[in-house]
Amino acid sequence: MAEFVRYKMFIGGKWTDAADGEVFESFNPFTGKPWALIPRGKAEDANRAAEAAHTAFTTGDWPKLKAFQRGALLRKLADLIARDAERIAHIEVRDNGKLIAEMAGQLRYIPQWYHYFGGLADKIEGAVIPTDKAEMFNFTRHEPLGACLGITAWNSPLLLLAYKLGPALAAGNTFICKPSEFTSASTLEFAKLVEEAGFPPGVFNVATGFGNEIGDALVVHPRIAKVAFTGSERTGTKVYERAASQLKRVTLELGGKSPNIVFDDADLDNAVKGAISGIFAATGQTCVAGSRLLLHEKIHNQFVDRLLALASTAKMGDPSHMDTQVGPVTTPPQYEKVLNYIEIAKGEGATCVLGGGRAKRPECGDGWFVEPTIFTGVDNKMRIAQEEVFGPVLSVIPFRDDDEALHIANDVMYGLAAGVWTQNIRRALAMSERLQAGTVWVNTYRAISYMTPFGGYKRSGLGRENGQEAIMSYLQTKAVWISTATDVPNPFVMR
Ligand code: NDP
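A brief look at the structure comes next. (Residues numbered from 1 in each chain as written. Predicted model: local features only at pLDDT ≥ 70, side-chain atom pairs only at ≥ 80, totals over all residues. Heavy atoms only, no water.)

A look at the packing of helix H9 (residues 268-279) against helix H10 (residues 300-311)
In step 1: Where H9 meets H10, the closest approach of the two axes is 10 Å, and the angle between their N-to-C directions is 55°. Viewed along their axes, H9 and H10 adopt a mutual orientation that is oblique. Crossing hand, H9 versus H10: right-handed. Contacts from Leu-268, Asp-269, Ala-271, Val-272, Lys-273, Ala-275 and Ile-276 in H9 reach Gln-302, Phe-303, Arg-306, Leu-307, Leu-310 and Ala-311 in H10.
In step 2: Residue composition of the contact of H9 with H10, by class: 9 nonpolar, 1 polar and 3 charged. (Axes fitted to C-alpha atoms, helices over the stretch in contact; angles between N-to-C directions. Helix = DSSP H or I, 4+ residues; strand = E, 2+ residues; numbered from the N terminus. Parallel < 35°, antiparallel > 145°, perpendicular 65-115°, else oblique. Left-handed = near helix turned anticlockwise from the far one by under 90°. Contact = heavy atoms within 4.5 Å. Nonpolar A, V, L, I, M, F, W, Y, C, P; charged D, E, K, R; others polar.)

A closer look at H10
In step 1: In this model, H10 (12 residues) spans 16 Å end to end at C-alpha, consistent with the 16 Å of a helix rising 1.5 Å per residue.
In step 2: Turning to H10, its buried residues number three or more, namely His-300, Phe-303, Val-304, Leu-307 and Ala-311. What you see down the axis of H10 is that its buried residues fit within an arc of 100°, all on one side. Across from the buried face of H10, at angles greater than 90 degrees, the exposed residues are Asn-301 and Asp-305.
In step 3: Looking at the buried positions of H10, the neighbouring elements they touch are strand E13 (259-262), H9, strand E14 (292-296), strand E15 (351-354), strand E16 (373-376) and strand E17 (393-399). (Expected span 1.5 Å × (residues − 1). Buried < 20%, exposed > 50% of the residue type's maximum accessible area, 1.4 Å probe, protein only. Arc of directions from axis to C-beta.)

Describing the sheet that holds strand E6 (residues 128-129)
In step 1: Strand order in the open sheet formed by 3 strands is E6-E7-E23, and the pairing between neighbours is antiparallel. Here the strands that pair on one side only, and so sit at the sheet edges, are E6 and strand E23 (475-483).
In step 2: When E6 meets strand E7 (residues 136-144), the two strands line up antiparallel, connected through 2 bridges. Bridge pairing in E7 places Val-128 opposite Phe-139. (Pairing = 2+ DSSP bridges.)

Concerning the site of the ligand
In step 1: Residues in contact with the ligand amount to 30 residues; listed here are only the nearest, Thr-152, Glu-181, Ser-232, Leu-254 and Glu-388.
In step 2: Residue Gly-231 places a main-chain N or O atom 3.3 Å away from an oxygen atom belonging to the ligand.
In step 3: Contact distances for the ligand include 2.6 Å between an oxygen atom and a side-chain N or O atom of Glu-388.
In step 4: The protein chains hide 90% of the 900 Å² of surface that the ligand would expose on its own.
In step 5: Looking at the shell around the ligand, the elements that each hand over two or more residues are helix H7 (211-219), strand E11 (224-230) and helix H8 (233-244).
In step 6: For the shell around the ligand, a count of residues per class yields 14 nonpolar, 11 polar and 5 charged.
In step 7: Two domains each put at least three residues into the shell around the ligand: domain 1 (5-254 + 460-479) and domain 2 (259-442). (Near = heavy atom within 4 Å. Polar contact = N/O pair within 3.5 Å; in protein donor to acceptor, adjacent residues only side chain to side chain. Areas by Shrake-Rupley, 256 points an atom, 1.4 Å probe, with all protein chains shown as cover. Domains from an automatic or database assignment.)

Here it is in structure tokens:
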């Protein structure tokens, strides 16, 4: 056991084990071996975390801080993340198997969320209402909600946390993060930086364990005012139902089955790179994966040839090497799920033109690797075109004209993102308007920013993260009426 890193939870400013002392193992997806022990919190720990966050919201230094002081703390945190970006990126790679090339870039970018929302902290302004009532002064205040809960997925734990924590703290709330059981380490490392930045105890807490244990206990805990969730549509629906039983505010960032549409007037060299980055980057484990490639029939065959030429050269292997292009799948259940979907697609009659199973290359060792896989001849009604795989599996679907492309693109239950490749500006604008998706990329793919709203249409989610809009979902509006009249008129009549 000596080689294991032994983590503790962070609750009320203290590092602590689970109340019953239980732990679970966290695995390295490249080696398939455990490397860390994480506290397995349950209802009692959920209660401790919720009480700590509530106490920090209602008493102590945090509620007394001026907005600009909250902003200054967030900016200090940003600087500490930047300082430790490289170190945390390596821990993340060990824990979730994503490429160091991607995680190092992500960790270097995450400080911007805390700079941006730190800057917004003292710009939350109410309004003076030009009221129609005589002798009345009427204004609004935007006030924080209380203790907020962030539940994150395993693919980009600290990025998904930044989407939630930045606006939540800028608005004056306190926060508990329940990271995925598969990737708790980076969030616990991050908590050390929150401590170093000097946030009062209980303002930020990390409660680790399993979703159906500590996660559910937190969702229904009466001290929690809001739940911000990133994960699958199935779990998100459950969390929404559970939170609704107590009328909690909820934002949901869920899955997708995003179309990447290539028209015959596109710059095909760029579009091929866009198709690859849409599905094989991050081993397809990204909510915005362009997992349905819609190709105009005129360019279909030549495009597939070019795609195969590029995809078949993808370098697989150790995700901690800067030149690796496709890493392992993060979790054993996900590994089995991806392989199962490949079999489903074959059974449905799709043609596998690349990959199609476990990667048995020597450079993949015992890791959970799936070959980059491409299916052609996919019908949009097939399960492989309708259900989120969350792995390196691409479905290619041909179309005849713009209307058919649009129909296929929108004919799924999801609506997270879409890509459009064309050199025709009218077509680009028309598609951007008619695609049912929270994000549309034209001649690019997978661009995100702290300042741009992000979220889903249809069953891809509720609410928006990032940008100025995000902060409003961590605030509630109070209307204040002050009478300037010298006496109260008829008390039996509404004013
Ligand atoms: P899951 O839905 O399985 O889990 C998400 C989180 O919810 C985890 O922390 C999980 O904990 C927790 N959880 C599970 N059950 C419960 C419960 N009953 N109550 C409270 N919390 C619970 O998703 P994955 O982690 O597998 O992530 C992949 C999914 O996330 C994909 O569908 C992907 O599209 C989506 N995603 C969406 C993004 C977006 O911004 N729209 C971004 C990134 C991913 P535990 O791990 O312990 O079970």
